[in-house]
Number of protein chains: 2
Amino acid sequence: MADLTEINYAQRERLAFIDFCLQFIGQLSRADLVNHFKTGLASCSRDLTLYKELAPNNMTLKHETKQYYRTAEFKPVYEHNAEAILASLCRGFGDGLSHTVRPSEKCIDSTRLIHPSSETIATLMRAINNRLAVSCDYISLTSGETSRIIVPHAIANNGQRWHVRAYDQKSKEFRDFVCTRLQNATELKKPISNTQSGNYDKEWHNILTIELVVHPSVSHPRAIEMDFGMDGGVLRLEVREALLGYLMRQWNVDCSHNATLTLGDCHLWLKNISELGKLACLTIAPGYKEG
Amino acid sequence: MADLTEINYAQRERLAFIDFCLQFIGQLSRADLVNHFKTGLASCSRDLTLYKELAPNNMTLKHETKQYYRTAEFKPVYEHNAEAILASLCRGFGDGLSHTVRPSEKCIDSTRLIHPSSETIATLMRAINNRLAVSCDYISLTSGETSRIIVPHAIANNGQRWHVRAYDQKSKEFRDFVCTRLQNATELKKPISNTQSGNYDKEWHNILTIELVVHPSVSHPRAIEMDFGMDGGVLRLEVREALLGYLMRQWNVDCSHNATLTLGDCHLWLKNISELGKLACLTIAPGYKEG
DNA sequence: CCACAAAGCAATCATTTTGATAGCATCATT
DNA sequence: AATGATGCTATCAAAATGATTGCTTTGTGG
């Protein structure tokens, strides 16, 4: 019997592709495999034969259409993670590096309107990995364009924008910068001072445990519980303090102390807000009032 | 000289990996390659040699650290799409099928709190591809649990949830259903009637051209223009009518006729709303009033 | 300052994987 | 019943890969 772990990289990819097509498309022809991997017919037959060995009851050939069909007894050979699958369907297969893409028109991801340049991302990621400072021009919403030197240690998406979390030499504190508002980012070769390293970013390293519950104003709470896979009506999450405000805004979580926000479409309430103390990050959160 | 298109699938993957590491991490060791692809040392040397042939000036070996470093003259061999790169950094490499994952802790995507089951997605996608109806139990926010037969034709993410767009035999119209609120989804084998096919979903096939502009209340509009890569202060988009409302809500676009919404953090205004006519989908959009 | 260890490199050969071809089987279509 | 399209298997040649060896470079520790 064939052992999954002993199969080489390329063939494993092809087997995974077969498995995927059966489960998420329902059928598969030899031509699909040949097209996708630019492989020969022979190796294609070999792959199908091997797949049949691994999972004899997963597919049957229908000669009417000359395609393999998923059977009702199908058991996936590979555990496909749901988010990864959806990404594959939306953006096509392949790892996004070599372009073996074939996006599905039937699976449409949310629209990202903000696309940082890959140059900027590359510079930031290299600086992060090599602990270097970056000089750049930054246009802020409040103060307009300024020249800055920042020491980045992570990048994060807040649901809309990609931010870089960095020590700002101008304000002498850790801040978020929107990646698309950076221009002329350049790595500075001299090593950074210790206090500017990510380890000293308190709000980043402070992990808060928050409790989200269905908002009392919702009339069929079960629907929301199912959305969030809630266990006993509560969703516990670990969140970096630096990112909490964004998360609350992204999910439109009522952050008032008594769930009094009545703005439409508010499905969640931050139940344990009173235990969290005063948090600057929450100033952008829906319904938040200090106290 | 080696020709990129003539290189086989497996080696192309490895070359892309080298290219990626140099550009987004800054360095790469032979061990990284071996680890990632579980390949032998020999083939690893071959890949590096070939990469040097393809791009002689992209990397240099530093013996101090025994790693290859990106040079200042680096020119990517593969065009990496920014979104794909960010996904690779956040979730690790590989196509999400075979798990060759190694996510970066320095690159954090926004938190998706709602994860549809891969079983449900699989059933829906198969039904879509094979034009089948699906029976299921659905829990709606307004009417609670009901049994339904729907004919799905696409799934889409609205920024928060995955929806399935489908003909609903109960209400006899096309609607959106939240994937996580579906239970016991089962394909029905009999073929669907023609009028229930996706082709007849008017709101889905009606493509609107919308014009988004920086909200007049923003004090440094250049920052927003850069975020959205605006051309002359306007961002023109083609959007399905069925998805327009979600898009407006996701990006918090002021949909009032005169940009009068003053709610904090509203960076965009839907400039041509007056030309779009009456749209039911906009009832959920910020600031929208009929008229 | 020299020996050593660690990593990279190049060459070689055995093994594995792949591609191409040919002949046969199956089944829908006509 | 003939035809054509596709799938299967077997075979052989070609290509890719893995393992081994001996060599080079360079940093490190004595």
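Residues numbered from 1 in each chain as written. Chains lettered and ligands numbered in written order. Predicted model: local features only at pLDDT ≥ 70, side-chain atom pairs only at ≥ 80, totals over all residues. Heavy atoms only, no water.

Asker: What is the right way to read the domain arrangement of chain A from this model?
Answerer: Taken domain by domain, chain A comprises domain 1 (7–78), domain 2 (118–201) and domain 3 (206–284). Put simply, the middle of domain 1 of chain A and the middle of domain 2 of chain A, counted by C-alpha atoms, are 46 Å apart. (Domains from an automatic or database assignment.)

Asker: I tried to follow the interface of chain B and chain A on my own but got confused; where do I start?
Answerer: One frequent convention defines the size of an interface as the accessible area lost when the parts assemble. In this assembly, 95 residues from chain B lie in contact with 96 residues from chain A. Both faces combined, the contact of chain B with chain A buries some 8500 Å², and carbon together with sulfur accounts for 58% of it. The tally of links between chain B and chain A comes to 10 salt bridges. Taking the shortest distance from any N to any O, the salt bridge between E83 of chain B and R112 of chain A comes out at 3.2 Å. In this sheet, strand β6 (residues 144–157) of chain B lies alongside strand β4 (residues 107–108) of chain A in parallel orientation, the contact comprising 2 bridges. For I108 of chain A, the partnering residue across the bridge sits in β6 of chain B and is A156 of chain B. (Contact = heavy atoms within 4.5 Å. Buried area = accessible area lost by both parts, 1.4 Å probe. Salt bridge = Lys/Arg side-chain N within 4 Å of Asp/Glu carboxyl O. Pairing = 2+ DSSP bridges. Helix = DSSP H or I, 4+ residues; strand = E, 2+ residues; numbered from the N terminus.)

Asker: Quick question: what am I supposed to make of the relation of the copies chain B and chain A here?
Answerer: Here the second copy of the chain follows from the first by a rotation about an axis and a shift along it. Laying chain B over chain A is done by rotating through 180° and shifting 0.0 Å along the axis; what remains is an RMSD of 0.1 Å. Accordingly, the operation relating the two chain copies is best matched by a two-fold axis. Here 100% of the contact residues of chain B are again contact residues in chain A; the copies associate through an equivalent surface. (Least-squares fit on C-alpha atoms with pLDDT ≥ 70 in both.)

Asker: Whenever I open this one, the sheet that holds strand β10 (residues 207–214) of chain A confuses me. Can you help?
Answerer: The strands making up a sheet associate through hydrogen bonds between their backbones, and the pairing can be parallel or antiparallel. Residue and element names in this part refer to chain A. With mixed pairing, 4 strands are arranged side by side in an open sheet as β11-β10-β13-β12. The sheet is open, and its two borders are formed by β11 (234–240) and β12 (253–254), each paired with just one other strand. For β10 and β11, the ladder comprises 7 bridges, and the chain directions are antiparallel. Bridge pairing in β11 links I210 to L237. Here helix α7 (residues 221–228) sits on the sheet and contacts β10, β11 and β13 (268–270); the angle it forms with β10, its principal contact strand, is near 145°. Packed onto the sheet, helix α8 (residues 241–250) meets β10, β11, β12 and β13 and runs at close to 130° relative to β11. (Axes fitted to C-alpha atoms, helices over the stretch in contact; angles between N-to-C directions.)

Asker: Explain the packing of helix α5 (residues 118–130) of chain A against helix α1 (residues 9–24) of chain B here, please?
Answerer: Working note: a packed helix pair is described by the angle between its axes plus the distance between those axes. At a minimum axis separation of 7 Å, α5 of chain A and α1 of chain B run at an interaxial angle of 75°. In terms of axis orientation, α5 of chain A runs roughly perpendicular to α1 of chain B. Here S118, E119, I121, A122, M125, R126 and N129 of chain A of α5 of chain A come into contact with α1 of chain B, specifically with L22, Q23 and F24 of chain B. Considered class by class, the residues forming the contact of α5 of chain A with α1 of chain B number 5 nonpolar, 3 polar and 2 charged. (Parallel < 35°, antiparallel > 145°, perpendicular 65-115°, else oblique. Nonpolar A, V, L, I, M, F, W, Y, C, P; charged D, E, K, R; others polar.)

Asker: Hey, could you run me through the protein's contact with DNA strand D in this one?
Answerer: The local shell around DNA strand D holds 17 residues, among which K66 and Y68 of chain A together with T39, G40 and H63 of chain B are the closest. Near the protein, within 4 Å, the atoms of DNA strand D are sugar or phosphate in 69% of cases. Between a base nitrogen of DNA strand D and a side-chain N or O atom of K66 of chain A, the distance comes to 2.9 Å. Those elements that provide at least two residues to the surface near DNA strand D are α3 (41–54) of chain A together with α1 and α3 (41–54) of chain B. Split into classes, the residues belonging to the surface near DNA strand D amount to 4 nonpolar, 7 polar and 6 charged. (Near = heavy atom within 4 Å. Polar contact = N/O pair within 3.5 Å; in protein donor to acceptor, adjacent residues only side chain to side chain.)

Asker: What is the right way to look at the protein's contact with DNA strand C in this model?
Answerer: If you check the shell around DNA strand C, you find 16 residues, and the closest are T39 and H63 of chain A together with R30, K66 and Y68 of chain B. For DNA strand C, the fraction of protein-proximal atoms (within 4 Å) that sit in sugar or phosphate groups is 72%. T39 of chain A is positioned with one of its side-chain polar atoms (N or O) 2.7 Å from a phosphate oxygen of DNA strand C. S43 of chain A places a side-chain nitrogen or oxygen 3.5 Å from a phosphate oxygen of DNA strand C. Contributions of two or more residues to the surface near DNA strand C are made by α1 (9–24) and α3 of chain A together with α3 of chain B. Take the surface near DNA strand C: its biggest share by element is 3 residues, from α3 of chain A.

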